[in-house]
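So you can see what is in the structure, the chains are spelled out below.
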Amino acid sequence: MSAPTDPQDEPTATSSGMSRRAVLGLGGGLAAAGVVAGFGLGRATAPAPAVASTAAGTYPFTGAHQAGIVTPAQDRLYLAAFDLTTTSRDELVELLRRWTTIAARLTQGLSAGPFGPASGPYDAPPDDTGEAADLPPAGLTITFGFGRSMFVGTPGPDGTPGEDRFGLADRLPDGLVELPHFAADDLDPARSDGDLVVQACADDPQVAVHAIRNLSRAAFGTATIRWTQLGYGRTSSTSTAQKTPRNLFGFKDGTANVKAEESDALEEHVWVPATDTEASSAWLAGGSYLVARRIRMRIETWDRTSLREQENLVGRTKGEGAPLSGGTEFTEPDFAKEGRDGAPLIAVDSHVRLAHPSTHDGARMLRRGYNFTDGNDSLGRLDAGLFFLAFVRDPRTHYIPVQSMLSRDDVLMEYLTHTGSGLFAVPPGVPDGALVTGEDGTPVTTEKSPFVGQQLFA
Ligand SMILES: C=CC1=C(C)c2cc3[nH]c(cc4nc(cc5[nH]c(cc1n2)c(C)c5CCC(=O)O)C(CCC(=O)O)=C4C)c(C)c3C=C
Ligand SMILES: [Fe+2]
């Protein structure tokens, strides 16, 4: 996988100078020396600090918040929702411990396990699947979240309540509601919901897929994949240093997004605050909520729509991304401005007007979506669209009212169908310095090692 092509998109890298390949080579040396170890025993390599990097860049795994939210949006996504097959709380905790260690390792360019794909016990499967062995970390981030069903199970079709399998019902955070049915939803249950979610983002699809594959492998016997979504071409900027990308309608997307540099806006709109949470959600302080919506776009119809109409539907110009009220890309839209005919220059039913914070008591969201193309239907139309991802402080105030209005009144909806949906509580990050490391200084799983979401089980 290649390093970021746009110098503005370069991950904030510190350097250990150790590539994944070098690490694997050292793992092989250990095997040759007859050292057979599980996760608790490391390789005899030079320590790889929790914050490491190569020329291609890594992002720290630890911190107050999980990586993959304000991290400059990488170009590729592989997201997987899982269903737990166990009913044991201890096994759930063990899974989260294993996942935390593996994620901490992979994001720093290490193999999933201490041996890597080509060493370790010869009669056992390798502890890493190997397809990323020669690839740099590619800015990989791995972000974990919990679905409502993990807390309260899934209600039966007759409305019977779900089962509290893990003794977590009283910890259900207030915002982790069942999303209402929105007008024009055509949701496929096989592409919706899930007990757990893992978002892997990287600048190389193989690195992102490798991450999910190895995490899924580590979940064997405890959780199975419910659905996945592959995404390419980010449709948002999450840093002012990034160029605004384009969605499959050809419009710049992410111009007015909440950006990493807007620390006040992040506190107000993205992070769950410690101050105003109920006891049931206190564990989520410093976390966020992730809304995922698979939105199919009728691109063949769109492609037969005039440029004038396309711009009016969106409320911005297609070339520059400027509001139709005038100015350049980052000029604030002037919704009061009228044209010569006395009609507002930005139509009252345009997407940007209806999604704008001024229409929703100031509520904003951090959008982090991706384009997707999943083949075609029997009529030869592409099954393509936008996999909308947004991180919000509270979906009840920051997502549901916006989506309700858009699904009812937004003229863009004529070209859209929501086909998948998920809402997840995203716990805060694993604190810096908390990871347990083995002799070689790389993260290992022990009975005491910290894990993502630990606050929930305290
Ligand atoms: C519920 C939230 C939103 C959904 C779903 C959504 C889908 C969606 N959006 C576009 C294209 C664009 N959206 C733009 C801006 C924009 N969109 C939302 C919310 C949802 N979009 C917000 C909050 C905003 C920002 C509004 C503002 O503050 O001005 C834009 C303009 C450029 C930008 O600011 O990002 C485009 C273009 C598509 C194609 C789509 C579904 C497929
Ligand atoms: Fe939008």
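Every chain begins its residue count from 1, and numbering advances along the sequence as written. Written order decides the labels, with chains lettered from A and ligands numbered from 1. This being a predicted model, a pLDDT of at least 70 is required before a residue's local features are given, and a value of 80 or more before pairs of side-chain atoms are given or counted; all residues contribute to the totals for chains, interfaces and linings.

**Q** Even after reading the chapter, I still don't get the overall build of the chain, so can you show me in this structure?
**A** We count a stretch as a helix when DSSP gives it H or I for four or more residues in a row; a strand needs E for two or more, and each element gets its number in order from the N terminus. Secondary structure summary: the chain contains 10 helices and nine strands in total. Across the 458 residues in the chain, those meeting the buried criterion constitute 50%. Here, residues touch in the contact sense if the C-beta positions derived from the backbone fall within 7 Å of one another. For the chain, restricting intrachain contacts to residue pairs at least 6 apart in sequence, the fraction spanning at least 24 positions comes to 74%. A residue is called partly exposed when the number of other C-beta atoms within 10 Å of its own lies between 12 and 20, exposed at 12 or fewer, and buried at 20 or more, with C-beta atoms placed from the backbone.

**Q** Got a minute to help me understand helix α10 (residues 400-409) in this structure?
**A** What sets the pattern is the α-helix's 3.6 residues per turn: residues three or four places apart point alike. Every buried residue of α10 is listed here: Val402, Gln403 and Leu406. Across the axial projection of α10, the buried residues extend over an arc of 90°, all falling on one side. Here the buried face of α10 lies against α8 (351-355). Within this analysis, the arc is defined by the directions that extend from the helix axis to the C-beta atoms.

**Q** When you look at the site of ligand 1 in this model, what are you seeing that I'm missing?
**A** For each residue, a C-beta position is placed from the backbone atoms; the residue is near a molecule or strand when that point lies within 6 Å of it. The environment of ligand 1 is made up of 27 residues, and the closest members are Phe251, Thr255, Ala256, Ala355 and Leu386. Listing elements by their share of the shell around ligand 1, those giving two or more residues are β5 (288-297), α8, β8 (382-392) and α10. Taken together, the residues that form the shell around ligand 1 break down as 15 nonpolar, eight polar and four charged. Side-chain classes follow a simple rule in which Ala, Val, Leu, Ile, Met, Phe, Trp, Tyr, Cys and Pro form the nonpolar group, Asp, Glu, Lys and Arg form the charged group, and the remainder, Gly included, forms the polar group.

**Q** Help me understand the environment of Leu179, please; the structure alone is not making it clear to me.
**A** When you line up the elements, Leu179 lands in the loop between α3 (148-152) and β3 (196-202). C-alpha of Leu179 to C-alpha of Leu389: the two residues are 210 residues apart in sequence and 15 Å apart in space. Residues in contact with Leu179, not counting those within four places in the same chain, are Ile400, Ser421 and Leu423.

**Q** Would you take a moment to explain the confidence of the model for the chain for this structure?
**A** Note on scores: pLDDT gives the predictor's confidence for each residue, bounded by 0 and 100. When the pLDDT values of the chain are averaged, the result is 89; 87% of them are 70 or greater. Within the model, the stretch residues 1-19 combines pLDDT values under 50 with 42 contacts to residues more than four positions away or in other chains. Segment residues 21-55 is flagged for pLDDT under 50; beyond a separation of four residues in sequence, or across chains, it makes 87 contacts in the model. Reported confidences for the modelled complex are a pTM of 0.90 and an ipTM of 0.99.

**Q** In this structure, what is going on with unusual backbone geometry? I would like to understand it.
**A** A positive phi is found at Ala184, a non-glycine position, where the angle reads about 70°. With respect to the helices and strands, Ala184 occurs in the loop between α3 and β3. In the Ramachandran plot, Asp361 falls in the positive-phi region, its phi being about 50° despite a non-glycine side chain.

**Q** Any chance you could explain the UniProt feature "domain: Dyp-type peroxidase N-terminal" (unreviewed entry) in the chain here in plain terms?
**A** UniProt positions are given in the numbering used here, feature names are shortened, and annotations may be inferred rather than shown by experiment. UniProt feature "domain: Dyp-type peroxidase N-terminal" (unreviewed entry): in the numbering of this structure it lies at residues 66-232. Annotation note: span residues 66-232, helix share 23%, strand share 20%, distance between end C-alpha atoms 22 Å.

**Q** Before we go on, may I ask you to explain the nonpolar core in this structure?
**A** The nonpolar side chains of a soluble globular protein tend to be buried, and buried together. In these notes, a nonpolar core means any group of buried Ala, Val, Leu, Ile, Met, Phe, Trp, Tyr and Cys residues linked to one another through C-beta atoms within 7 Å. The biggest cluster of nonpolar side chains holds 99 residues, and the ones touching the most others in it are Ala200 and Ala208. Other than its neighbours up to four places away in sequence, Ala200 contacts Tyr78, Leu140, Ile142, Ala208, Ala211 and Ile212.

**Q** Explanation requested: the pairing of β5 in the structure shown.
**A** A regular strand carries its side chains on alternate faces of the sheet. The buried fraction of β5 amounts to nine of the 10 residues, a majority that puts the element mostly inside the structure. Any two strands with at least two DSSP bridges between them are considered paired. Judged from the 10 bridges that link them, β5 and strand β9 (residues 416-426) form a sheet pairing that is antiparallel. Across the sheet, Ala292 pairs through a bridge with Gly422, a residue of β9. Here eight bridges tie β5 to β8, and the two strands are oriented antiparallel to one another. By the bridge assignment for β8, Val291 is matched with Ala390.

**Q** Could you clarify how one ought to interpret the packing of helix α2 (residues 89-107) against helix α4 (residues 205-218) in this entry?
**A** Packed helix pairs are characterised by how far apart their axes lie and by the angle those axes make with each other. Only the stretch in contact is used when a helix axis is fitted, and all axes are lines through C-alpha atoms; the angle between N-to-C directions ranges over 0 to 180 degrees. It is the contact of α2 with α4, at a shortest axis distance of 10 Å, that shows an interaxial angle of 155°. It follows that α2 is roughly antiparallel to α4 by the angle criterion. As for the relative orientation of α2 and α4, their crossing is right-handed in sense. Two secondary-structure elements touch here, α2 through Arg98, Trp99, Ile102 and Leu106 and α4 through Ala211, Asn214, Leu215 and Ala218. A per-class count over the contact of α2 with α4 returns six nonpolar, one polar and one charged. Oblique is the label for any angle not covered by the other classes, which are roughly parallel (under 35 degrees), roughly antiparallel (over 145) and roughly perpendicular (65 to 115). Two helices crossing with the near one rotated counterclockwise from the far one by less than a right angle form a left-handed crossing, whereas a clockwise rotation gives a right-handed crossing.

**Q** Looking at this model, I keep getting lost on the environment of Glu178. Mind explaining?
**A** In this structure, Glu178 sits in the loop between α3 and β3. Overall, the presence of 11 C-beta atoms within 10 Å leaves Glu178 in the exposed class. As a C-alpha pair, Glu178 and Gly422 span 244 residues in sequence and 9.3 Å in three-dimensional space.

**Q** Just to check I follow, could you spell out the pairing of strand β2 (residues 141-147) for this structure?
**A** Across the seven residues of β2, seven count as buried, placing the element largely inside the fold. Both faces of β2 are covered, namely the face carrying Thr141, Thr143, Gly145 and Gly147 and the face carrying Ile142, Phe144 and Phe146. Summarising the sheet, β2 and β3 pair through six bridges and their orientation is antiparallel. Along β3, the bridge assignment pairs Thr143 with Gln199. Across two bridges, β2 lies against β9 in antiparallel orientation. Counterpart to Phe146 in the pairing with β9 is Ala425.

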